[in-house]
Amino acid sequence: MVGMNEVLDGISELAAFPQTVLKVTSMLSSGKGSAAEIEQVARNDEALSMSILRWANSVRYGHPGRTFTLREGIARLGSSVLLKIVLEQKTAGMFASAGTAYDLQRGALWRSAVGGAIAAESIARSACFDSPDLAFLCALLRDIGKLAFDAHFGPEYISLVVRHTRPDRTFVEAEREAFGFDHAGLGAELAARWNLPDRIAGAIRFHHDPPASAPAHDVLVDIVHAADIISLWAGLAIGCDGMQYKLAQHVRIGLALDRAAAEQLVAGMWDKLRETEAVMAPYTEQGAAI
Amino acid sequence: MVSSPLGYSKTEVNGKLVIGVGDLLVSNDPEALLVTYALGSCIGVTIYDPVAKVGGLLHFMLPSADLNKEKAAANPAMFGDTGIPMLFQTCYEKGAKKERLIVCAAGGAEVLSDDGHFKIGSRNRTLVRKIFWKNNILIAGDDTGGSNSRTLSLRMADGTTVVRTQGKERGLWSA
């Protein structure tokens, strides 16, 4: 049976995390992300500058008859929006071409990453969580373990894991049966190799099995877990794993998620996702198959 | 000719016209193959008139537009109770007749632990049956429920409707 390190050691394309994202992640974790710092990062990155300009002049943030420069755009968008632009744009390349292992169309994993991130931010705001941006980031990265499985096994993955699925068994349980670990644990190990902060790695590790009680309990994990289920209800990245996941009862109760709230989150996510896709098209064109 | 009443751009992949989540497509092009992927709790509805050779595919997410009238007005295909009438109406405009239409549905899956609190897939299934029952329309082929992902396709040449789940294909309707 292949080990976790063996999977991670063999995937050179995921060996390094984009430095720009690492800088932004560090700003987020320390709570010191400012527009000035992000401007500095953006100025050294042409693709990122273009992305900021597109958003600043988009229907939502632009102004009819006026075109904003990079500096004006940065000021207009604000640090929170800028952070998301950096994250979305810089992770698009990682996610865009993956998905074969899970029987997904190209681009489906990236769409799910962004959709889940949008849902996580909304849930975080409703729950008065102190860092909606951190929730956005963790949800965006929650399935990096799927990228690792995808890069290592490719299409062979499905046959290895599907034989372990049962109607009453979650897909992560089937992965554990097949490999001894699941994509959440694999993603957390990858996050650790990228030197991401422990709390982010923890959110990735437990996003399907959020601890219910102290000291392991973390509202951030609950939010990412709920956002993952919301993205399933929204029809995002449903591949060979189907809907074979569970929503933890303590999360449903703790975040006051009822049917109406869940459906509002599903519907609200789509508007923002379509807008993001329209602006991000140059970076995800090859993966825009679904 | 292929048309989307919602005006979203359609993606053609390997000769297939791909319908995304919260979208619908109607066609009278006999060469066309309409496909929608990743049906989880969402439901895909196909309709086909074998005489006029007009048909369409809807992929809706949520059962009722009562959730948000504004969103439903902007995107009727997001909801079953606005998307299904739009699918039928658009086919009628291309010459389809209600009495000839062959209707199939797939999707409506649930997450494993939904102890009756959300039941989004189940409510989508109920909505589909309710609308068709009220309109005296029989569902010719149905593959709904469970927890698996589904891919649904409609071949415009003859109305063959196929659902694929975990690598296995099953015909929902064929001439």
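Before going into details, it helps to say that this report is about the structure given with it. (Residues numbered from 1 in each chain as written. Chains lettered and ligands numbered in written order. Predicted model: local features only at pLDDT ≥ 70, side-chain atom pairs only at ≥ 80, totals over all residues.)

1. Some details on the overall build of chain B
As a reminder of what qualifies: We count a stretch as a helix when DSSP gives it H or I for four or more residues in a row; a strand needs E for two or more, and each element gets its number in order from the N terminus. Based on C-alpha atoms, the radius of gyration is set beside the globule rule, defined as 2.2 Å times the residue count to the power 0.38. Here, residues touch in the contact sense if the C-beta positions derived from the backbone fall within 7 Å of one another.
The helix and strand tally for chain B stands at three helices and twelve strands. Radius of gyration (C-alpha) of chain B: 15 Å, near the 16 Å computed for a compact globule of 175 residues. Summarising its shape, the C-alpha atoms of chain B cover approximately 45 × 40 × 30 Å along the three principal directions. The contacts in chain B between residues at least 6 apart in sequence include a share of 61% that link residues at least 24 apart.

2. Observations regarding the overall build of chain A
Applied cut-off: Buried, partly exposed and exposed are defined by the number of other C-beta atoms within 10 Å of a residue's own C-beta, namely 20 or more, between the two limits, and 12 or fewer respectively, with C-beta atoms placed from the backbone.
Scanning chain A for helices and strands turns up 15 helices and zero strands. Relative to its length of 290 residues, chain A is compact, with a C-alpha radius of gyration of 18 Å against a globular reference of 19 Å. Along the first, second and third principal axes, the C-alpha set of chain A runs to 60 × 40 × 35 Å. A burial count over chain A gives 53% of its 290 residues as buried. The contacts in chain A between residues at least 6 apart in sequence include a share of 69% that link residues at least 24 apart.

3. Brief notes about the environment of A174(A)
Residue and element names in this part refer to chain A. Mapped onto the elements, A174 comes out in helix α10 (residues 171-179). Taking the C-alpha atoms as reference, A174 lies 9.5 Å from D241; in sequence the two are 67 residues apart. Apart from residues lying up to four places away in sequence, A174 is in contact with V161, H164, T165 and R169.

4. Some remarks on unusual backbone geometry
All names here are of chain A. In this chain, A214 is followed by P215 through a cis amide linkage whose omega measures 0°. Topologically, P215 is positioned in the loop between α12 (198-205) and α13 (219-233). A positive phi angle is found at D103, which is not glycine, with a value near 60°. Tracing the backbone shows D103 in the loop between α5 (70-96) and α6 (108-126). A positive phi angle, close to 65°, is found at N195, a residue other than glycine. Among the secondary structure elements, N195 is positioned in the loop between α11 (183-193) and α12.

5. Let's talk about the nonpolar core
For clarity, the cut-off: The term nonpolar core refers to a group of buried residues, namely Ala, Val, Leu, Ile, Met, Phe, Trp, Tyr and Cys, whose C-beta atoms join them within 7 Å.
Counting residues in each nonpolar core, the largest one holds 146 residues, and the members touching the most others are A120(A), C138(A) and I230(A). When residues in this core are grouped by element, the largest group, twelve residues, is from α5(A).

6. What to know about the interface of chain A and chain B
One frequent convention defines the size of an interface as the accessible area lost when the parts assemble. Where we set the bar: Each residue gets one of three labels, nonpolar for Ala, Val, Leu, Ile, Met, Phe, Trp, Tyr, Cys and Pro, charged for Asp, Glu, Lys and Arg, and polar for the others, Gly among them.
In this complex, chain A contributes 29 residues to the contact, which on the side of chain B involves 29 residues. Every element with two or more residues in the side of chain A that touches chain B is listed here: α13 and α15 (259-284) of chain A. At seven residues, the largest contribution of residues to the side of chain A that touches chain B is made by α15(A). Of the residues in the side of chain A that touches chain B, the class split is 18 nonpolar, seven polar and four charged.

7. What to know about α6(A)
All names here are of chain A. Convention followed: Here the expected length of a helix is defined as 1.5 Å per residue gap, with one fewer gap than residues.
Here α6 contains 19 residues, and its C-alpha end-to-end distance of 27 Å stays within 8% of the 27 Å for a straight helix at 1.5 Å per residue. Buried residues dominate α6, accounting for 17 of its 19 residues. Of the residues flanking the end of α6, it is C128, one or two places downstream, whose phi is positive at about 55°.

8. Focus: the pairing of strand β5 (residues 33-39) of chain B
Residues and elements named next belong to chain B. This is how the line gets drawn: The criterion for strand pairing is that DSSP finds at least two bridges linking the strands in question.
Of all seven residues making up β5, six are buried, and the element is well covered by its neighbours. Note that strand β3 (residues 16-18) and β5 share three bridges and pair parallel. The residue of β5 that forms the bridge with V18 is V35. Alignment of β5 against strand β10 (residues 150-155), held across five bridges, turns out to be antiparallel. If you follow V35 over to β10, its bridge partner there is S153.

9. Observations regarding the packing of helix α7 (residues 132-141) of chain A against α13(A)
All names here are of chain A. The following threshold applies: Lines fitted to the C-alpha atoms define the axes, with helices restricted to the stretch that makes contact. Angles between their N-to-C directions range from 0 to 180 degrees. Each angle receives one of four descriptions, namely roughly parallel if under 35 degrees, roughly antiparallel if over 145, roughly perpendicular if within 65 to 115, and oblique otherwise. Left-handed describes a crossing in which the near helix is turned anticlockwise from the far one by less than a right angle; the clockwise case is right-handed.
Two elements in contact, α7 and α13, have axes separated by 9 Å at closest approach and are oriented at 55°. Viewed along their axes, α7 and α13 adopt a mutual orientation that is oblique. The way α7 lies across α13 gives a crossing that is right-handed. Taking contact as the criterion, the partners of L134, A135, C138 and A139 in α7 are, on α13, L220, I223, V224 and A227. Of the residues belonging to the contact of α7 with α13, the class tally is eight nonpolar, no polar and no charged.

10. Details of the packing of α6(A) against α7(A)
For any two helices packed against each other, the geometry is given by the interaxial angle and the distance between the axes. All names here are of chain A. At a minimum axis distance of 7 Å, the contact between α6 and α7 shows a crossing angle of 150°. Between α6 and α7, the crossing angle belongs to the class labelled roughly antiparallel. Both α6 and α7 take part in a crossing whose hand is right-handed. Facing A113, V114, G116, A117, A119, A120, E121, A124 and R125 of α6, the residues of α7 in contact are P132, A135, F136, C138, A139 and L140. Broken down by class, the residue content of the contact of α6 with α7 amounts to twelve nonpolar, one polar and two charged.

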